[in-house]
Amino acid sequence: MKIFYLIYDFLWADLIVIPLPHGQELGLSLLVLLLVPVGVYFTIKSRFLQIRLFPQMLRVITEKKAHGESGSISGLQALIITTATRVGMGNLVGVISALSLGGAGAVFWMWICALLGASTAFVEAVLAQLYREKDPLYGGYRGGPTRYIHAFEARLRKKNPKTMRFSIMAVLFAISGLICWCGISQVIGNTVSESLYNAFRIPTIWTAVLLVTVSAVIVLRKQATVRVLDAIVPVMAGCFFLITLVIIFRNITAVPAVFCRIFQEAFGLRQAAAGGIGAVIMNGVKRGLFSNEAGSGSAPCAAAAADMDHPAKEGLLQSLGVFIDTIVICSCTALIMLLVPETLVDGLSGMELLQAAMRYHLGEFGVLFIAVTLFLFSFSTFIGVLFYARSNVAYLFGDNWVSQTFYKVLALLMLFIGCLAAYETVWDLGDVGIGLMTVFNLIALLPMSKEAFRVLRDYEKNHIVPKQKTRKSQ
């Protein structure tokens, strides 16, 4: 266990502390030191694709499968799967934590991370498309970081990737991912059971049985995950967005003051910012980076499965997914809480803070709505990460139903245990897992990104420019 906590501290503790005016400090962990510069580099290298090509992102949503192969999924379905895992507890609990510790200004830094993360998500998704393979068990395609890390290490070792059975880094990534997703399963169970108990006094054992039973029916069936997420993700995200619009319109005169507060606190101009400018920046950055998952290597597991006629299109869709997660959904949560008078929520934190805010806006219906929303967000995250796990399990243990089913049963067990009690060590395992995934993913992502940018140039030259010339000639 001592080694485990050494790894945890190495990933998450502040490696560099920058002194700031008025006695404040800005602590930078290894993951922040990796993800932020990488996001900046990819943004510059792609010439701000997340802004330039935003209209293209919206156009690609409507495209159908390129080949219609059995078992494959469309780009939109891959986006829905990744949105299911991005738009999860991080959009509720994570935003609450950022606001509680860093004040309103943390929202601004979450937006900045979303802009940077969109370019990282593009590179990941394009590489996942380039190095994917046929899936003999589920049909369609599979891949993700295990495949492009494998190819990267094969080049370093000057070996043929087809004859090299394992890559050390790919194995470590796969194991880290499976550990992370088991940890997340326990966190999901605990969060859902506590929320339903606080809102309706539903015994945790009832929640555990219901949640695990429904999840098992879905994840243990061959193609049920995609169909279920197709049905619930647009509805749950849409309802949450509409409720936020209702709250905004009911408090429209206070909205300008809220945005003014966000920008003032973002740069430490307002003394109410908890902990000063250092806490504001770091809490916004940390929650932003790990809410949208860009760079962690999770989303490419779904991006590889998308049946697209050009890899860049899936990259654009995954960039859009980062916007949906942070710019839209996380901002909704932040506005819901910031439109409440500060005196009514002083001293509150966690779900208690969000429930108090919803009670202020919508009465007891608000508390009911947020409990149901958290249940759906968390449930969709759970079945989404098990879709991710398919390629990791296959890379480690080959193509067999036994290993796939064993991991699903293990995750369901962790979900059940989490509903009944919180075990901090397991939560920390999840943090270590996603941290190690990010490190191994970025080691391959940076040197291989030139392939993604070559794909981007091809897409812009052959799929965008000709259309613009055609319009001019007409």
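Calculation rules
Throughout this document, residue positions are counted from 1 along each chain, in the order its sequence is written. Per-residue local features of the predicted model are confined to residues with pLDDT of at least 70, and side-chain atom pairs are confined, for both listing and counting, to 80 or more; whole-chain, interface and lining totals are unaffected and use all residues. As a convention, hydrogens and water are excluded, and side-chain values are obtained from all of the structure's heavy atoms. A run of DSSP states H or I qualifies as a helix once it reaches four residues; a run of E qualifies as a strand once it reaches two. Both are numbered from the N-terminal end. Using a 1.4 Å probe on the protein chains alone, a residue whose accessible area is under 20% of its type maximum counts as buried, one over 50% counts as exposed, and one in between counts as partly exposed. Residues count as neighbours in contact if any of their non-hydrogen atoms are within 4.5 Å of one another. To be clear on the numbers: accessible area is Shrake-Rupley with a 1.4 Å probe, and residue cover counts the displayed protein chains and nothing else. Two rings from Phe, Tyr or Trp (for Trp, the six-membered ring) form a pair when their centres are within 6.5 Å of each other. A pair whose planes differ by under 30 degrees is stacked, one over 60 is edge-to-face, and the rest are tilted. Nonpolar cores were defined as sets of buried Ala, Val, Leu, Ile, Met, Phe, Trp, Tyr and Cys residues, with membership established by side-chain atoms within 4.5 Å. Patch members must show over 30% relative accessible area and no salt bridge, and they are joined within 9 Å when carrying like charges or within 5 Å when they are nonpolar side chains of Val, Leu, Ile, Met, Phe, Trp or Tyr. Salt-bridge detection follows one rule: a side-chain nitrogen of Lys or Arg within 4 Å of a carboxyl oxygen of Asp or Glu. Lines fitted to C-alpha atoms define the axes here, with helix axes fitted over just the stretch in contact, and angles between the N-to-C directions of these axes take values from 0 to 180 degrees. Should an angle fall under 35 degrees it is called roughly parallel, over 145 degrees roughly antiparallel, and 65 to 115 degrees roughly perpendicular, with every other angle called oblique. Under the grouping applied here, Gly and all other residues not named as nonpolar or charged are polar, the nonpolar ones being Ala, Val, Leu, Ile, Met, Phe, Trp, Tyr, Cys and Pro and the charged ones Asp, Glu, Lys and Arg. The rule for a disulfide is simple: a pair of cysteine sulfur atoms within 2.5 Å. Multiplying 1.5 Å by the helix residue count minus one yields the expected span of that helix. The directions from the helix axis to the C-beta atoms form the arc being described. Of the grid points, spaced at 1 Å and generated over the protein atoms alone, those admitting a 1.4 Å probe that cannot get out make up cavities, while open sets with protein on both sides within 12 Å along at least five of seven lines make up pockets; any residue with an atom within 4 Å of a point is treated as lining. Grid points are joined across faces, edges and corners, and a volume is the space filled by probe spheres set on the points. pLDDT runs from 0 to 100 and stands for how confident the predictor is about each residue.

Trainee: Any chance you could explain the overall build of the chain here in plain terms?
Mentor: A tally of helices and strands in the chain yields 20 helices and four strands. Per-residue burial over the chain gives 58% buried out of 474 residues. Taking the intrachain contacts of the chain between residues at least 6 apart in sequence as the baseline, contacts between residues at least 24 apart amount to 81%. As displayed, the chain offers around 19600 Å² of accessible surface, 66% of which is attributable to carbon and sulfur atoms.

Trainee: Where do I start with the packing of aromatic side chains in this structure?
Mentor: Two measures describe an aromatic ring pair: the distance that separates the ring centres and the angle between the ring planes. Evaluated as defined, the whole model comprises 13 aromatic pairs. Taking 5.8 Å as the distance between ring centres and 80 degrees as the angle between the ring planes, the aromatic pair formed by Phe-166 and Tyr-395 counts as edge-to-face. Highlighted residues: Phe-166 in the loop between helix H8 (145-156) and helix H9 (168-200) and Tyr-395 in helix H18 (residues 364-397), separated in sequence by 229 residues. The class of Tyr-395 is buried, set by a relative accessible area of 3%. Considering the side-chain rings of Trp-181 and Tyr-388, the 5.9 Å spacing of their centres and the 50 degrees angle between planes classify their relative orientation as tilted.

Trainee: In this structure, what is going on with unusual backbone geometry? I would like to understand it.
Mentor: Leave glycine aside and you will find that most residues have negative phi; peptide bonds, for their part, are mostly trans. Although it is not a glycine, Arg-47 adopts a positive phi angle of roughly 55 degrees. The class of Arg-47 is partly exposed, set by a relative accessible area of 49%. Even without glycine at this site, Phe-48 takes up a positive phi of about 55 degrees. Assignment of secondary structure puts Phe-48 in the loop between helix H2 (30-45) and helix H3 (49-52). When its relative accessible area of 45% is taken as the criterion, Phe-48 is described as partly exposed.

Trainee: Any chance you could explain the nonpolar core here in plain terms?
Mentor: If you look at soluble globular proteins, the nonpolar side chains tend to sit buried side by side. Grouped together as the largest cluster of nonpolar side chains are 139 residues, with contacts concentrated most on Trp-181 and Met-358. Apart from residues no more than four positions distant in its own chain, Trp-181 is found in contact with Ser-298, Cys-301, Val-385, Tyr-388, Ala-389, Asn-392, Tyr-407 and Met-437.

Trainee: What exactly am I supposed to notice about a nonpolar patch on the surface here?
Mentor: Where nonpolar side chains cluster on the molecular surface, the patch consists of Val-40, Ile-44, Phe-48, Ile-51 and Leu-115 and spans about 450 Å² of accessible area. Take Ile-51: it is sitting in helix H3.

Trainee: Can you walk me through the packing of H2 against helix H7 (residues 105-130) in this structure?
Mentor: Two packed helices can be described by the angle between their axes and the distance between those axes. Direction vectors running N to C along H2 and H7 enclose 75 degrees, while the axes themselves pass 8 Å from each other. Classed by the angle they form, the pair H2 and H7 counts as roughly perpendicular. Contacts between H2 and H7 involve Val-36, Val-38, Gly-39, Val-40, Phe-42 and Thr-43 from the first element and Leu-115, Leu-116, Ser-119, Thr-120 and Val-123 from the second. Tallied by class, residues from the contact of H2 with H7 come to seven nonpolar, four polar and no charged.

Trainee: Please clarify how the environment of Asn-292 should be interpreted in this entry.
Mentor: You can see Asn-292 is positioned in helix H13 (residues 276-292). Measuring from C-alpha to C-alpha, the distance between Asn-292 and Ala-121 comes to 9.0 Å, with 171 residues separating the pair along the chain. In this structure, Asn-292 is in contact with Arg-86, Cys-113, Ala-114, Val-322, Asp-325 and Thr-326, ignoring residues within four places of it in sequence.

Trainee: Looking at this structure, I do not really get the state of the cysteines. What am I missing?
Mentor: In a disulfide, the sulfur atoms of two cysteines are held together by a covalent bond. In this structure the tally under the stated criterion is zero disulfides. Cysteine Cys-332 remains unbridged, with the sulfur of Cys-330 as its closest cysteine sulfur at 9.2 Å.

Trainee: For this particular structure, what's the right way to read the pattern of salt bridges?
Mentor: A side chain with one charge can pair with a side chain of the opposite charge if their charged atoms come near. All told, the structure shown has 10 salt bridges when counted by the stated rule. A salt bridge links Arg-142 to Glu-133; the shortest N-O distance between them is 2.8 Å. Residue classification places Glu-133 among the partly exposed positions, given a relative accessible area of 25%. Via salt bridges that share partners, Glu-133, Asp-135, Arg-142, Arg-147 and Asp-399 belong to a single interconnected network.

Trainee: I keep staring at helix H12 (residues 255-266) and nothing clicks. Help me out?
Mentor: Note on helix geometry: an α-helix contains 3.6 residues per turn, so any two residues three or four positions apart are oriented the same way. With 12 residues, H12 extends 17 Å from end C-alpha to end C-alpha; this agrees with the ideal 16 Å at 1.5 Å per step. Taken together, the buried positions of H12 are Val-255, Val-258, Arg-261, Ile-262, Glu-265 and Ala-266. End-on view of H12: buried residues confined to an arc of 125 degrees, all on one side of the axis. Turned more than 90 degrees away from the buried face of H12, the exposed residues are Pro-256 and Ala-257.

Trainee: I'm lost on empty space enclosed by the protein in this one. Help?
Mentor: Once rolled over the atoms, a probe with the size of a water molecule shows which space is left empty. Counted by the stated rule, this structure contains four cavities of 30 Å³ or more. By volume, the largest cavity amounts to about 130 Å³. Breaking the lining of the largest cavity down by element, the ones donating at least two residues are strand E4 (141-142) and H18. With four residues, the single largest contributor to the lining of the largest cavity is H18. Tallied by class, the residues present in the lining of the largest cavity amount to eight nonpolar, six polar and three charged.

Trainee: Help me understand the confidence of the model for the chain, please; the structure alone is not making it clear to me.
Mentor: One rule of thumb: low pLDDT means the predicted coordinates there are not for detailed reading. Predicted confidence across the chain gives a mean pLDDT of 82, with 85% of residues reaching 70 or more. Taken element by element, the predicted model of the chain shows its lowest mean pLDDT in H13 (60) and its highest in H8 (93). The low-confidence segment residues 271-275 (pLDDT under 50) makes eight contacts with residues lying over four places distant or belonging to another chain.

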